[in-house]
Amino acid sequence: MPPFRTYAAALAAAAAATSAPGAAAHAQPVLPPRTAPRPLDPRTEARVDSLLRRLTLEEKVGEMTQLTIQAVARVHGTATVAQQLDSAKLEDALVRYHVGSLLNVWDVALTPAQWQEVTSTVQRVARRKRVAVPVLYGIDAVHGHQYMRGGTIFPHNIALAATFDSAVVRQAAAITAYETRASGMAWNFSPVLDVGRQPLWPRFYETFGEDVHVVATLGRAAIEATQADPRPVVRTLLGTAVPPPARVGGQVFVAATGKHFLGYSAPLSGKDRTTAWIPERELREIFVPPFRAAIDAGVRTIMANSGDVNGVPVHASHAILTDLLRTELGFTGVTVSDWADIEKLHSVHRVAPTRNDAVRLAVMAGVDMSMVPYDLSFYDDLLALVHEGAVPESRVDEAVGRILRLKYELGLFDGDPGPNAAMLARANAPAFQAVSRRAAEEAVTLLKNDRAMLPLAKTARVLVVGPGATSLTAQYGGWSYTWQGTDTALYPKYVKTLLDAVRDRVGPSRVTYVPGASFDSTRDVAAAVAAARDVDVVIVALGEQAEAESPGNIDDLTLPAAQLQLAQAMEATGKPVVLALFEARPRIIRPAVDAARAIVTGYETGPFGGEAVAGVLFGDVNPSGRLPFTYPRYPGAVEHYDRNESANSTAGDSTTGYYPEFDFGHGLSYTTFAYGPVRLDRREATARDTVAVAVDVRNTGARAGQEVVQLYTRQLYASVAPPTRRLRGFQRIALAPGEQRTVTFRLAVQDLAFIGLQNRPVVEPGDVDVFVRGVAPQRLTVR
């Protein structure tokens, strides 16, 4: 991978390029001033400097060390046995080795009482250090506080992206921060800012989809809501004054983490933590912008990519973790490794002959804190490296200064940093659950509705088949009560499956259930076919089992044959078939698509996913979700909507062009919307201008509905092959029957910049089509 250029080098290259023979003289380099580093509070900096001078080298290296709770526990948690800390191990880690951060649970989610005990004990022991520096406790609260039994759980990010609703993302993040801090934890390893370009990747559902603008917009919303005081949001939802007291929380309520920097979501093989080959232009065009937006929003921590990009492990890349992240993007916060990834520079990536070399490479590349996570090897190795002069103590001071600053900003030094019982008492409040339900309902996407098959009549006789009908794990997805999300004993008893929700709507006497298939093997297909004779419609619920990270690796996007055979057997009965999907990623369902009368996807929508899908099927919910990714038709035909023209030579022909099963942004409704022509407030603009784009939208149907208005642009000609379209804005609006609204976007011409021939942003003069999905474009000329 070519080294990332600094702004000075890029400016020099720009000057040379514009004078070189054959240069694209019409290009206007856009190198906006280097992202201004976040202003630092002088009082906080004075406190950091004072404390840093008091710490010994050993204490500073301890601050850079992060252990999992398993390393200091003697009994792990199960559904029936409470996790127990080992007081001797905890004392040794925190007092003798000065460990500055802990993370995680051991195997299963804890109760609120258990979290109170764990985090209060940790901080009580930390006060026995020579210098009483509080412990920064981190957790993966990636779709709500899912590692606390009795916490609020939300749809996964891919489902939140389908809502195209920044407001609901903000509410979900604020509630998660409230409950996380209530548990005594001030650091959340969320959100994922990786752009989902490889659907085989098992962490695809943790992304906000394939589009750069959507990921950057929703990621920024999540970060701002996580780090801000959530009490105004919570007060509005609960309708009452709420804790915490002023002593809980400082400048930042909970530290958000932008992850995983950089290029993690595009592995060549599709397997987790494996090699990505990404040209620098693509890295900058697709993968950098969400992190730039996060840094502009003040994100306090960044987690590094576990894999390697173009053969260089990111944990060892000074070009990525320092030149790009800090010098160019202006990040001033804490960079943390991912799980055991520094040691893997030696044992997996093999760029470090020894473990000691791995530590040196990572620290000098820019890693501030090591998620070791099980032992004190990092502490021992880094201490030895400083003593022998291989790592300067100034680099340690730099990293520890960032860590201490974060702890001050979180208010951990100002009063008791432990759990808050008054806050915990409000966890999973009905008003919080209502936000989760709303998010699920907005996410569900109606992909096909042949001859208005849906909504179904509540007098219909219904056959329900397929593994998705009764699987809460498929509905929730991974990172749910356990890492893999497959321990059903931990799921709340009140949560309804799709089958439960269908029975609620039509009555148990009208519903027949036959499994028909498990996730990967057929069973009772003959019984399901026989049962179809006596019903009016068949709901075939398909999907995939919950998974997280590497255990979710697959070799083929096609849904397992058993499920597709079940769907085809149901379609062969002649009864109308509705496919209901619970998926972590777009699984190929081509053999069952054409004969299905309707198709609905519920993604992984959490506790209210079954009810939300049933609500759409029977008309209680008017579907408004839109696909945040391009749904492929064939396993080898993974393309993205923002392709260039060479991938679109004959649209609709799988042999020569773009031919997805369902397009990015697609989604149907039970009402209809009519758009007026797009209006621009000017026909010509310069790179310094902002163009107002307006369109009238009318609900022309008989029922209220929500529409996602999508603004796109297309540059007709450019020095680099331009994409056929790029999303530039979106707005979700609600309209009553007959209601019309004017939707206005502010399109900055600077936002039309792309990464040009010199791997730098440029705005090039020329014609640009500006259009709203489904409406004829208007021409804008950039001068």
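So, here is what we can say about the structure in this document. Owing to the predicted nature of the structure, the values given are computational and were not obtained by experimental measurement.

## Side note on the overall build of the protein
Within the protein, the regular secondary structure consists of 24 helices and 30 strands. The C-alpha atoms of the protein give a radius of gyration of 27 Å, which matches the 28 Å a tight globule of 783 residues would have. For the protein, the C-alpha atoms occupy an extent of roughly 75 × 75 × 50 Å along the three principal directions. Here the protein holds 783 residues, and 63% of them are scored as buried.

## As for the packing of aromatic side chains
Aromatic ring pairs are defined here through the distance separating the ring centres and the angle between the ring planes. Per the counting criterion, the structure on display carries 21 aromatic pairs. Relative to Phe291, the ring of Phe261 lies with its centre 5.0 Å away and its plane at 80 degrees, an arrangement referred to as edge-to-face. Of the two residues, Phe261 is situated in strand E8 (residues 257-261) and Phe291 in helix H11 (residues 289-296); the sequence distance between them amounts to 30 residues. Residue Phe261 shares its accessibility class with Phe291, and that shared class is buried.

## As for the environment of Asn188
By the element assignment, Asn188 lies in strand E7 (residues 187-188). The class of Asn188 is buried, set by a relative accessible area of 4%. Between the C-alpha atoms of Asn188 and Gly138, which are 50 residues apart in sequence, the distance is 5.7 Å. What Asn188 contacts, discounting residues up to four positions off in sequence, is Ile139, Asp140, Ala141, Thr176, Val254, Ala255, Ala256 and Thr257.

## Describing the packing of helix H9 (residues 231-238) against helix H18 (residues 430-443)
Between H9 and H18, whose axes approach to 8 Å, the crossing angle comes to 95 degrees. Considering the angle they form, H9 stands roughly perpendicular to H18. On H18, the residues touching Val234, Leu237 and Leu238 of H9 are Ala431, Phe432 and Val435. Across the contact of H9 with H18, the residue classes tally to six nonpolar, no polar and no charged.

## Side note on the side chain of Asn428
Looking at where Asn428 falls in the secondary structure, it is placed in the loop between helix H17 (421-424) and H18. Asn428 sits in the buried class, given a relative accessible area of 15%. Ignoring sequence-local partners within four residues, the contact set of Asn428 consists of Gly150, Gly151, Thr152, Glu179, Gln433 and Tyr494.

## A short note on helix H7 (residues 166-182)
Between the first and last C-alpha of H7 there are 24 Å, a value that for 17 residues agrees with the 24 Å anticipated at 1.5 Å per step. A large share of H7 lies buried, amounting to 13 of its 17 residues. Put simply, Asp165 is the residue that caps the front of H7, since its side-chain oxygen is 3.0 Å from the backbone nitrogen of Ala167. Gly184, located one to two residues past H7, shows a positive phi value of around 95 degrees.

## A short note on helix H22 (residues 561-572)
With 12 residues, H22 should cover 16 Å at 1.5 Å per step; its first-to-last C-alpha distance of 16 Å lies within 8% of that length. The complete set of buried residues in H22 reads Ala562, Gln563, Leu564, Leu566, Ala567, Ala569, Met570 and Glu571. Summarising the contacts, the buried residues of H22 are in contact with strand E15 (462-465), helix H21 (525-531), strand E17 (537-543), strand E18 (577-582) and helix H23 (590-593). Where H22 ends, the next residue or the one after it, Gly574, has phi of about 90 degrees, a positive value.

## Let's talk about the pattern of salt bridges
Under the criterion given, the structure shown has 61 salt bridges. Linking Glu549 and Arg273 is a salt bridge whose minimum nitrogen-to-oxygen distance equals 3.3 Å. Taken together, the residues span a long stretch of sequence, with Glu549 in the loop between E17 and H22 and Arg273 in the loop between E8 and helix H10 (280-287) at a distance of 276 residues. Exposure class is identical for Glu549 and Arg273. Each is buried. Measuring nitrogen to oxygen at the nearest pair gives 3.9 Å for the salt bridge that ties Glu661 to Arg633. Remark: Arg633 occurs in the loop between helix H24 (609-617) and strand E20 (673-675) and Glu661 occurs in the loop between H24 and E20; sequence separation between them is 28 residues. Here Glu661 falls in the buried class, since its relative accessible area comes to 9%.

Parameters at a glance
Residues numbered from 1 in each chain as written. Predicted model: local features only at pLDDT ≥ 70, side-chain atom pairs only at ≥ 80, totals over all residues. Heavy atoms only, no water. Helix = DSSP H or I, 4+ residues; strand = E, 2+ residues; numbered from the N terminus. Rg over C-alpha atoms; globule rule 2.2 N^0.38 Å. Buried < 20%, exposed > 50% of the residue type's maximum accessible area, 1.4 Å probe, protein only. Phe/Tyr/Trp six-rings, centres within 6.5 Å; stacked < 30°, edge-to-face > 60°. Contact = heavy atoms within 4.5 Å. Axes fitted to C-alpha atoms, helices over the stretch in contact; angles between N-to-C directions. Parallel < 35°, antiparallel > 145°, perpendicular 65-115°, else oblique. Nonpolar A, V, L, I, M, F, W, Y, C, P; charged D, E, K, R; others polar. Expected span 1.5 Å × (residues − 1). Polar contact = N/O pair within 3.5 Å; in protein donor to acceptor, adjacent residues only side chain to side chain. Salt bridge = Lys/Arg side-chain N within 4 Å of Asp/Glu carboxyl O.

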